[in-house]
Amino acid sequence: MKIILLGPQGAGKGTQAQRIARKAGAKHISTGDIVRAEIGSGSELGRKVQEYNDRGELVPDEIIVEMAKPYLNDADSWILDGFPRNEAQAKALDAALEQLGVRLDAAVALEAPDEALVKRLSGRRQSESTGNIYHIEYDPPPEDGDDPGPFVQRKDDAEGAIRRRLEIYHEQTEPLKDYYARRGLLATVDAEQSIPEVTDDILAAVGDNV
Ligand code: AP5
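(A) Highlighting the layout of surface pockets. Considered as a void within the structure, the largest pocket measures approximately 950 Å³ in volume. In this structure, the largest pocket is lined by 47 residues; those nearest its centre are Gln9, Gly10, Lys13, Leu121 and Arg124. Looking at the lining of the largest pocket residue by residue, the class counts come to 15 nonpolar, 19 polar and 13 charged. As a volume, the second largest pocket reaches approximately 440 Å³.

Take a look at the structure:
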């Protein structure tokens, strides 16, 4: 399985990629997690990308492409979450895959209206120890100690940054649906359904392609 998850911030790309990775034994490659790990490491690159991340802006293409590339050859099966986000990145991905002799199976677009997304992002919490994603109301962290946490809120989940990220999505990332539709690789899934229903629809949609 080699699939891309497209969709606005809060549509559930990370949530679904984690679930499908567990079910299908695929690797979850999140460029957002890669960016946050680099920031956490305190490296020079981390300091450079932090200002973009915290404002909700995209990290420049040449930097993010170089950060993402090494992961593409790291597993036989993967789910790419948060990359590509514009046409330049999509073309860079095509070139990298061609060089590796790897074929993309599908691009799945998760669709939900902006109002629902703002509510989801403001209630999101992520476990600092496991990276698992939760929501204080829709998908609360387990109380049985299965995930020790702590459960923290992301810096870019402040309202100003959320609105900026959604604006960028509509301007730059949404047009990628046409990019992949033209190549017969696009599947769309209603992301307003419950978390397990969205997972089932993604697996059904990619089942024909992988
Ligand atoms: P990234 O980490 O990718 O953030 P994002 O794109 O803003 O996406 P999110 O993680 O916010 O949304 P999601 O769809 O994964 O939602 P989630 O599953 O968590 O990127 C962060 C930053 O890194 C970027 O702003 C940029 O600076 C940089 N970056 C990364 N990639 C880049 C690139 N390619 N180019 C340039 N810069 C890049 O779910 C959200 C919440 O909703 C959770 O609380 C969840 O529990 C809940 N939820 C999920 N599904 C459902 C459901 N069906 N019903 C109810 N609640 C649900």
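The discussion continues.
(B) Expanded view of the packing of aromatic side chains. Summed over the entire model, instances satisfying the criterion amount to two aromatic pairs. Aromatic side chains Tyr134 and Phe151 sit 5.5 Å apart centroid to centroid with 90 degrees between the ring planes, which places their arrangement in the edge-to-face category. Of this pair, Tyr134 sits in strand β6 (residues 133–135) while Phe151 sits in strand β7 (residues 151–152), placing them 17 residues apart in sequence. Measuring from ring centre to ring centre gives 5.0 Å for Tyr179 and Tyr180, while their planes differ by 75 degrees; the resulting arrangement is edge-to-face. Taken individually, Tyr179 and Tyr180 each receive the classification buried, so the pair is uniform in this respect.

(C) Spatial organisation of empty space enclosed by the protein. As enumerated under the stated definition, the model contains one cavity of 30 Å³ or more in all. Taken as a whole, the largest cavity holds about 60 Å³ of empty space. Along its surface, the largest cavity is lined by Leu5, Leu6, Gly7, Gln9, Lys13, Gly82, Phe83, Pro84, Arg85, Tyr169 and Thr173. Of all elements in the fold, only β1 (2–6) and α7 (159–173) reach the threshold of two or more residues within the lining of the largest cavity.

(D) Expanded view of the environment of Asp94. Mapped onto the fold, Asp94 is located in helix α5 (residues 87–100). The spacing of Asp94 and Leu104 is ten residues in sequence and 8.7 Å in space, taken between C-alpha atoms. Filtering out sequence-adjacent residues up to four positions away, Asp94 remains in contact with Tyr179 and Arg183. One polar contact links Asp94 to Tyr179, side chain to side chain, over a distance of 2.4 Å.

Cut-off values and rules
Residues numbered from 1 in each chain as written. Predicted model: local features only at pLDDT ≥ 70, side-chain atom pairs only at ≥ 80, totals over all residues. Heavy atoms only, no water. 1 Å grid on protein atoms, 1.4 Å probe; cavity = no way out; pocket = protein on both sides within 12 Å on 5 of 7 lines; lining within 4 Å. Points joined across faces, edges and corners; volume = space filled by probe spheres on them. Nonpolar A, V, L, I, M, F, W, Y, C, P; charged D, E, K, R; others polar. Phe/Tyr/Trp six-rings, centres within 6.5 Å; stacked < 30°, edge-to-face > 60°. Helix = DSSP H or I, 4+ residues; strand = E, 2+ residues; numbered from the N terminus. Buried < 20%, exposed > 50% of the residue type's maximum accessible area, 1.4 Å probe, protein only. Contact = heavy atoms within 4.5 Å. Polar contact = N/O pair within 3.5 Å; in protein donor to acceptor, adjacent residues only side chain to side chain.

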